[in-house]
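Survey of secondary and tertiary structure
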Amino acid sequence: IIAGSGTVKGAACDALVNTTDLYATIAQFADAPPEAGLDSISLLPFLSDPEAPSFRDHAYSERFKPNFDPADGWPGVFQIRMQSAIGDKYKLNYTYVPQSAQVDPDKRELFDLTTDPFETTNLLAEPLTPEAQDAYTDLRVFLVSQGPSPWSKLGASLPGTQGPPELS
């Protein structure tokens, strides 16, 4: 929810956005150039034109835990790791086998977000319609294009990757 000067009061926007877009939005609002190469697109155009088409074809998210397990050392072993891709209508979730880089074939999920916004019916449990099959193929290709999870090899730019967080 965004309100204020320059916004269309009471309007809703159906554009596909991601929380990473807040960075470019705030940077543009402050007249500061965003850093090159970041996956962030300013949302400011949607404030004055909520009907504008999406700038994104897909949105990507990832969930994992833990970052640190004292028994395993740093960075620890992922007990839960899930990647998701969202298109304009469908969402694909991949859950990985614990402590593995393999997708668990029994934990792949495809949802039609227009008819099932609470993600209660996994479309992969039944034969897919041609439209759902096309969406599944598209989202699967998109997830594979993201490459291995960036969190699999925690980079030095991530807070706390130099070892367990310590107070100094």
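Everything below is about the structure printed above this text.
Residues numbered from 1 in each chain as written. Predicted model: local features only at pLDDT ≥ 70, side-chain atom pairs only at ≥ 80, totals over all residues. Heavy atoms only, no water.

1. A few points about the side chain of Ser84
Our working rule: For helices the rule is a DSSP run of H or I covering at least 4 residues; for strands it is a run of E covering at least 2, with both sets numbered from the N terminus onward. Burial here depends on accessible area, computed with a 1.4 Å probe over protein chains only, as a share of the maximum for the residue type. Under 20% is buried, over 50% is exposed, and the range in between is partly exposed. Polar contacts here mean pairs of N or O atoms no more than 3.5 Å apart (in protein, one a potential hydrogen donor and the other a potential acceptor; neighbouring residues in sequence count only if both atoms are side-chain atoms). The contact criterion used throughout is that any non-hydrogen atoms of two residues lie within 4.5 Å.
Tracing the backbone shows Ser84 in strand 2 (residues 80–86). A relative accessible area of 5% means that Ser84 is categorised as buried. Only 2.5 Å separates the side chain of Ser84 from the side chain of Asn93, close enough to count as a polar contact. For Ser84, the contacting residues outside a window of four places in its chain are Ala59, Tyr60, Ser61, Lys91, Leu92, Asn93 and Leu143.

2. Regarding the nonpolar core
Rule in force here: By convention a nonpolar core is built from buried Ala, Val, Leu, Ile, Met, Phe, Trp, Tyr and Cys residues, the set being connected through side-chain atoms within 4.5 Å.
Tyr90, Leu92, Tyr94, Leu110, Leu139 and Leu143 are the most contacted members of the largest nonpolar core, which has 13 residues in total. Those elements that place two or more of their residues in this core are strand 3 (90–96) and helix 3 (130–145). In terms of residues, this core owes the most to one element, helix 3, which gives six residues. Residues contacting Leu143, with those up to four places away along its chain left out, are Tyr60, Gln83, Ser84, Ala85, Leu92 and Tyr94.

3. A closer look at the pattern of salt bridges
Operational definition: By convention in these notes, a salt bridge is any Lys or Arg side-chain nitrogen within 4 Å of a carboxyl oxygen on Asp or Glu.
A complete count under the given rule lists four salt bridges for this structure. For Asp21, the salt bridge goes to Arg56, with nearest N and O atoms at 2.6 Å. Of this pair, Asp21 sits in helix 1 (residues 21–29) while Arg56 sits in the loop between helix 2 (44–48) and strand 1 (59–65), and the two are 35 residues apart along the sequence. Here the two residues Asp21 and Arg56 agree in accessibility, since each one is buried.

4. Things to note about the packing of aromatic side chains
To keep things clear, this is the line we draw: Each Phe, Tyr or Trp ring (for Trp, its six-membered ring) is paired with any other whose centre lies within 6.5 Å, and the angle between the two planes then decides the class: stacked below 30 degrees, edge-to-face above 60, tilted in between.
This structure, assessed with the given rule, holds one aromatic pair. Judged by centre distance (4.9 Å) and plane angle (40°), the ring pair of Phe46 and Phe55 falls under tilted. Look at Phe46 and you get buried, because its relative accessible area is 7%.

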